[in-house]
Amino acid sequence: MADLKDTIKMLRRAYLKKLEKDVVQIEEYQQEEHTMQTCLELLDIVHKITGTGGMYGFKNLYNASSVFEEYLLSIKKQQTEIEQDKMNNYLDSLVSAIHNTIEEGVDA
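Residues numbered from 1 in each chain as written. Predicted model: local features only at pLDDT ≥ 70, side-chain atom pairs only at ≥ 80, totals over all residues. Heavy atoms only, no water.

Asks: Just to check I follow, could you spell out the environment of Ile-8 for this structure?
Replies: Summarising the element assignment, Ile-8 is placed in helix α1 (residues 2–29). Along the backbone, Ile-8 and Ser-93 are 85 residues apart, and their C-alpha atoms lie at a distance of 26 Å. (Helix = DSSP H or I, 4+ residues; strand = E, 2+ residues; numbered from the N terminus.)

Next comes the structure, spelled out in C-alpha cells:
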C-alpha cells in the first residue's frame, strides 16, 4: 500500500511540474483578445487540466477549470458572442487556482 501512495505522490508531483508550464501558457492568453480560435485552444488546455486535476484530487483546481470548461463548451456549441470580461474573469480564476495548487503541493 505504501508503494501505491508513493507512486501517486510521484505522479502528483510530476503533474504539478507540468502545471508550472501550463500556467505560463494560460497567462499568455490573458493578454490577448479572445476569439473563437483562442477559445478552442483554451478548451483543449482547460479540458486536460480539469480531467487530470480531478483525477489527482486537486479539488479547487478541478472546480475552477470545470466551470471554465463548461463556458468554453457553450461558446463552441452555440457559437455565441464571446464576452471579453467574462473570459478574463475565468482566466484569472484558473490562474489563481493553478498557483494555489502548486503552492499547496503534493499533500494538498
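On we go from here.
Asks: Any chance you could explain the nonpolar core here in plain terms?
Replies: Nonpolar side chains in soluble globular proteins generally cluster together in the buried interior. Counting 29 residues, the largest nonpolar core has Ile-49, Leu-61, Phe-68 and Met-87 as its most contacted members. Elements represented by at least two residues in this core include exactly α1, α2 (36–55), α3 (59–78) and α4 (84–104). A total of 7 residues in this core trace back to one element, the largest contributor, which is α4. Contacts of Met-87, omitting those with residues within four sequence positions, involve His-34, Cys-39, Leu-42, Phe-68, Tyr-71, Leu-72, Ile-75 and Ile-82. (Core = buried A, V, L, I, M, F, W, Y, C linked by side-chain atoms within 4.5 Å. Buried < 20%, exposed > 50% of the residue type's maximum accessible area, 1.4 Å probe, protein only. Contact = heavy atoms within 4.5 Å.)

Asks: Teacher, can you tell me more about the pattern of salt bridges here?
Replies: For side chains of opposite charge, pairing can occur when their charged atoms come near one another. All chains considered together, the criterion is met by 2 salt bridges. Across the salt bridge formed by Lys-18 and Asp-22, the nearest N and O atoms sit 2.9 Å from each other. Residue Lys-18 and its partner Asp-22 are both found in helix α1; the two are separated by 4 residues, about one turn of the helix. The class for Lys-18 is partly exposed, based on a relative accessible area of 42%. A salt bridge links Asp-44 to Lys-48; its shortest N-O distance comes to 3.3 Å. Taken together, the residues span about one helical turn, with Asp-44 and Lys-48 both in helix α2 at a distance of 4 residues. With a relative accessible area of 48%, Lys-48 lands in the partly exposed category. (Salt bridge = Lys/Arg side-chain N within 4 Å of Asp/Glu carboxyl O.)

Asks: Would you explain the side chain of Ser-66 in this entry?
Replies: Counting through the fold element by element, Ser-66 comes out in helix α3. A polar contact is formed between the side chain of Ser-66 and the backbone oxygen of Asn-63, at a distance of 3.2 Å. (Polar contact = N/O pair within 3.5 Å; in protein donor to acceptor, adjacent residues only side chain to side chain.)

Asks: For this particular structure, what's the right way to read the packing of α3 against α4?
Replies: If you want to describe how two helices pack, look at the angle between their axes and the distance between the axes. Contact pair α3 / α4: the axes reach a minimum separation of 8 Å and the direction vectors enclose 155°. When the axis of α3 is compared with that of α4, the two are roughly antiparallel. By crossing handedness, the relation of α3 to α4 is classed as left-handed. Of the residues in α4, those in contact with Asn-60, Leu-61, Ala-64, Ser-65, Val-67, Phe-68, Tyr-71, Leu-72 and Ile-75 of α3 are Lys-86, Met-87, Tyr-90, Leu-91, Ser-93, Leu-94, Ala-97, Ile-98, Thr-101 and Glu-104. (Axes fitted to C-alpha atoms, helices over the stretch in contact; angles between N-to-C directions. Parallel < 35°, antiparallel > 145°, perpendicular 65-115°, else oblique. Left-handed = near helix turned anticlockwise from the far one by under 90°.)

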